[in-house]
Amino acid sequence: MQFVDEVDIHVQSGHGGSGSLSFRREKFVPRGGPDGGNGGLGGSVYAVADPHRNTLVHFQFNPDYKAQRGGNGAGALRSGRAGKDLEIPVPVGTLIHKKDAETGELEQVADLTTVGQRVLLAKGGRGGLGNAHFATSTNRAPRKVQPGEDGEEFDFHLTLKLLADVGLVGFPNAGKSTLISVVSAAKPKIADYPFTTLTPNLGVVALSGDRSFVVADVPGLIEGAHEGHGLGDQFLRHIERTKVLIHLVDVSGASGRDPVEDFDIIRRELELYNPELIAKPQLVAANKIDALDDPKRVTALEKRAKKLKLKFFQISAVTGDGVKDLIEAAWPIIAKGKEIEAKEIELAREEEDDAPPPAAYHPALVAPLRDSKKTTKKRR
């Protein structure tokens with residue numbers, strides 16, 4: 001499946017139904033008496049976090065979404081049927097921004113981080129009032145009705161931020177894809193050339209004691225990534241939600257680069273992209289020790305990590321040496337982060353429960369719709 005993490009969509013809620021102009025046929029009642037019913041409420045559009053969606057690719061082929069309009073009112077005080085709401089499934093971790101039609105500016109309206117989370121994108125139009133609503137003691141045969149209110153129409157920009165507990169970062173060919181293939185069931189493309197990984201990969205790591213977490217392999221970074229060099233910073237958003245970062249550094253000498261310099265460059269790129277990334281808990285892993293030709297490269301990197309008070313590990317993603325210790329070291333940080341998240345979700349739910357319920361819709365209890373010179377005509 002193609003990986004797509006940014007799309008634009010157009011959303012329109014349903015129009016409200018028109019009120020009915022009708023008179024009942026009853027003896028001794030002027031003109032039969034008004035009995036036109038109210039129009040139905042138009043359907044609203046919602047976005048829902050769906051655990052079965054992993055990418056935004058389906059929006060590329062279906063960018064337009066429109067809810068059902070409300071039914072028109074009818075005689076005998078029959079109200080129109082309410083239009084069906086439209087729910088748009090999006091991956092968990094989707095950011096939704098409203099796009100200004102004139103300036104193109106984006107305004108965040110939702111961040112769907114939990115399964116089943118639902119947000120209103122466009123509210124359905126109100127139904128118009130039928131002529132029965134306008135009957136008074138002095139106007140017993142009103143011919144006034146209201147058209148339904150138009151539904152809302154917006155453009156939205158959707159951005160996906162993968163929900164992973166651990167983010168693997170490093171230069172191209174540092175061994176990130178090999179590591180994620182060893183610790184999880186993920187099968188990323190692995191080859192001996194730079195930028196083998198072109199899209200983020202996710203894998204589930206299972207530990208003893210029914211423990212598990214999600215790890216993300218982000219495409220390799222190079223110096224100047226925050227300015228668009230290499231693959232640029234287009235995938236760095238996918239590690240913004242992680243609880244711990246693992247720096248994978250090639251110490252084999254095959255790349256011809258200095259491990260300490262590589263490590264410092266990646267840290268600098270993360271900080272330039274988002275200062276909050278560099279503040280996350282971090283682990284440093286010297287990879288490819290099975291092909292090490294100069295022990296001083298490992299010693300220098302370990303010294304640099306200790307200076308930054310970061311835990312240091314020597315591993316080989318190919319042979320598996322040291323990998324278990326690295327993964328186990330990440331777990332306490334992940335567990336603490338999950339505990340904090342659970343408390344935040346519980347607090348948010350308590351606030352929702354305390355909020356007053358929305359008032360039930362009733363056309364006679366809301367402000368009248370806009371006046372129209374053609375109020376006696378029904379919308380086709």
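What this report covers is the structure whose coordinates are included nearby.

Calculation notes
- Residues numbered from 1 in each chain as written.
- Predicted model: local features only at pLDDT ≥ 70, side-chain atom pairs only at ≥ 80, totals over all residues.
- Heavy atoms only, no water.
- Pairing = 2+ DSSP bridges.
- Helix = DSSP H or I, 4+ residues; strand = E, 2+ residues; numbered from the N terminus.
- Axes fitted to C-alpha atoms, helices over the stretch in contact; angles between N-to-C directions.
- Buried < 20%, exposed > 50% of the residue type's maximum accessible area, 1.4 Å probe, protein only.
- Contact = heavy atoms within 4.5 Å.

**What about the sheet that holds strand S3 (residues 64-66)?**
Consideration 1: Taken in spatial order, the 5 strands make up an open sheet running S3-S1-S8-S5-S6, and their pairing is mixed. The sheet is open, and its two borders are formed by S3 and strand S6 (106-112), each paired with just one other strand. Neighbour to neighbour, the strand axes of the sheet diverge by 30 degrees on average, direction disregarded.
Consideration 2: With 3 bridges connecting them, strand S1 (residues 6-12) and S3 associate as parallel partners.

**A short note on the pairing of strand S11 (residues 211-217)**
Residues in a regular strand project their side chains so that they alternate between the two faces of the sheet.
Consideration 1: By the criterion of burial, S11 is predominantly enclosed, with 5 of the 7 residues buried.
Consideration 2: Pairing of strand S9 (residues 166-169) with S11 involves 3 bridges; the strand directions are parallel. Looking at S11, one finds that Val166 is bridged to Val215.
Consideration 3: Bridging between strand S10 (residues 201-207) and S11 involves 7 bridges; their strand directions are antiparallel. Across the sheet, the residue bridging to Leu207 is Arg211, located in S11.
Consideration 4: Counting the residues in the hairpin turn of S10 and S11 gives 3 residues, including Gly209, whose phi is positive at 75 degrees.

**Some words on the pairing of S9**
Consideration 1: Residues of S9 alternate between two faces, with Val166 and Leu168 on one and Gly167 and Val169 on the opposite face, all of them buried.
Consideration 2: In the sheet, S9 pairs with strand S12 (residues 244-250) via 4 bridges, with the strands oriented parallel. Paired with Val169 across the bridge in S12 is His247.

**A look at the environment of Phe156**
Consideration 1: Tracing the chain through its elements places Phe156 in strand S8 (residues 153-160).
Consideration 2: Each C-alpha atom, one on Phe156 and one on Ile96, is 6.7 Å from the other, the two residues being 60 residues apart in sequence.
Consideration 3: Those residues in contact with Phe156, other than ones at most four positions away along the chain, are Val7, Asp8, Ile9, Val11, Ile96, His97, Lys98, Lys99, Val109 and Leu121.

**Points about the sheet that holds strand S2 (residues 45-50)**
Consideration 1: An order of S4-S2-S7 is seen for the 3 strands of this open sheet, with the pairing classed as mixed. Each having just a single partner strand, strand S4 (86-91) and strand S7 (118-122) make up the two edges of the open sheet. Strand after strand, the sheet turns through a mean of 30 degrees between neighbouring axes, direction not considered.
Consideration 2: Bridge count between S2 and S7: 4 bridges; the pairing is antiparallel. Within the sheet, the bridge partner assigned to Ala47 lies in S7 and is Val119.

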